[in-house]
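Structural overview
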Amino acid sequence: MTRTVLVTGARGKTGSEVTARLRRSGTLVRAGSSRPAADQVRFDWHDPATWREAADVDAIYLVRPDLPAAPDLMAGLVEVNPDAHVVLVSEQGAESLAPDHWARRAEDAVVTRAASWTLLRPSWFHQVLTDPRFYRDAIRDDRVLSLPSGGGPIAWVDARDIADVAVAALGAPEDHRGRAHTITGPEAVPVASVARELSARLGHRIRAEDPPPRETLHGLDPWTAGILDDLYHRVRHGGFAELSPAVKRITGREPTSMRAFIDAHLDEWRTSG
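A short tour of the structure in this document, coming up. In this text, all values refer to a predicted model and were calculated from it rather than measured experimentally. Throughout this description, residue numbers start from 1 for each chain and increase along the sequence as written. Given that the model is predicted, a residue must reach a pLDDT of at least 70 before its local features are reported, and side-chain atom pairs must reach 80 or more before they are shown or counted; all residues, however, enter totals for whole chains, interfaces and linings. Remark: hydrogens and water are excluded; side-chain values derive from all non-hydrogen atoms of the structure.

Thoughts on the overall build of the protein chain
Each helix is a run of H or I in the DSSP string that is no shorter than four residues. Each strand is a run of E no shorter than two, and both are numbered from the N terminus. The secondary structure content of the protein chain amounts to 11 helices and 9 strands. In terms of overall dimensions, the protein chain is globule-like: its C-alpha atoms have a radius of gyration of 19 Å, near the 19 Å expected for 273 residues. The principal-axis extents of the C-alpha atoms in the protein chain amount to approximately 55 × 40 × 35 Å. Here the protein chain, with 273 residues, has 50% of them falling under the buried criterion. Sequence separation of 24 or more characterises 75% of the internal contacts of the protein chain that already satisfy a separation of 6 or more. Here the protein chain has roughly 12,400 Å² of accessible surface; of this, 48% comes from carbon and sulfur atoms. His is not counted, nor are the chain ends; Lys and Arg add positive charge and Asp and Glu add negative charge. Think of each charge as sitting on NZ of Lys, CZ of Arg, CG of Asp or CD of Glu. A distance of 3 Å separates the average location of the 34 positive side-chain charges in the protein chain from that of its 38 negative side-chain charges. We take the radius of gyration over the C-alpha atoms and set the globule estimate at 2.2 Å times the residue count to the 0.38 power. Exposure is judged per residue with a 1.4 Å probe applied to protein chains only, and the accessible area is read against the type maximum: over 50% gives exposed, under 20% gives buried, and values in between give partly exposed. Throughout, a contact is declared for two residues whenever any of their heavy atoms are within 4.5 Å. Each accessible area is a Shrake-Rupley result for a 1.4 Å probe, and residues are judged covered by the shown protein chains and nothing else.

Examining helix α1 (residues 15–24)
Inspection of α1 places G15, V18, T19, R21 and L22 among the buried residues, and these make up the whole buried set. Those residues of α1 hidden inside the fold are in contact with β1 (4–7), β2 (28–33), β4 (59–63) and α5 (159–171). Looking one or two residues past α1, G26 carries a phi angle of roughly 95°, positive in sign.

Let's talk about the sheet that holds strand β6 (residues 116–122)
Pairing between two strands requires that DSSP report at least two bridges joining them. Strand order across the open sheet formed by 7 strands is β3-β2-β1-β4-β5-β6-β8, with parallel pairing between neighbours. What marks the edges here is a single partner per strand, and that holds for β3 (41–42) and β8 (179–183). As paired strands, β1 and β2 are joined by 4 bridges and run parallel to one another. What sits directly across from V7, in β2, is A31.

Considerations on unusual backbone geometry
The backbone of R143 sits at a positive phi, close to 55°, despite the residue not being glycine. Topologically, R143 is positioned in the loop between α4 (136–142) and β7 (144–146). Classification of R143 by relative accessible area gives partly exposed; the value is 40%.

Quick word on the packing of aromatic side chains
Geometry of an aromatic ring pair is reported as the spacing of the ring centres plus the angle between the planes. Centres within 6.5 Å are what make two rings of Phe, Tyr or Trp a pair, Trp counting through its six-membered ring; a difference in plane orientation under 30 degrees is then read as stacked, over 60 as edge-to-face, and the rest as tilted. Scanning the entire structure with this criterion turns up 6 aromatic pairs. Ring centres of F43 and W45 lie 5.1 Å apart, and the angle between their planes is 90°; this geometry places the pair in the edge-to-face category. We note that F43, like W45, is buried. When the ring of F134 is compared with that of Y135, the centres are 6.4 Å apart and the planes differ by 40°; the resulting orientation is tilted. In this structure Y135 comes out as buried when scored by relative accessible area, which is 12%. Joined through ring pairs, the aromatic side chains of F43, W45 and W51 make up one cluster.

Take a look at the structure:
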């Protein structure tokens, strides 16, 4: 029997990849977006009426929204269809956070309500380097990669590898039910090493900067500043450095390396001139 899956965040880094893979496999996909295209359905965290898209699906690919009320919103979505298998995208190291931490409460919103669930805990995405909302433009235009990491290595992971693990969990919930998969790349790479690799492949110097967190957080709203400050603290103290074999174990292939990702995306950082 054909399975039906609701994908939240279907226009995002992992949601778009999960949607494409599920459709190629013959799965019926409700690709949810607040700005849906012709082949998508409307799903908006700010409009609970759109959550009815989850009512009769077999599984939900749940991309945690970056909202202060995320734990409550996610709880409300799961309660629409508590029998669906929920694959939640969380973050590396969430299990070590305090019980009242936002990321932990988001996980708890799922595991305490869904009859069947899988947690994905990825490290930092490769794709933040090619995203204009993050680091792409500074790398391309200013030739700088600036992140307050304190030199801490990061086990960068490709969104496509996360999607492959997610599709495995969505397609065979019996093999992944009640499990948490930490998802990383094959090596932990400091920001300075990423900048050196970019420099070598682009043929000009990309400067690594390690500013004090307060400089990066200046002007942000208090909630966003608090979330980012916590992330930077965890990077500096090795919270995103531990490697996991999950991609190889679940997909049968090695995860994408930082070098391979950079080689495949060089045009993203080249100026038109």
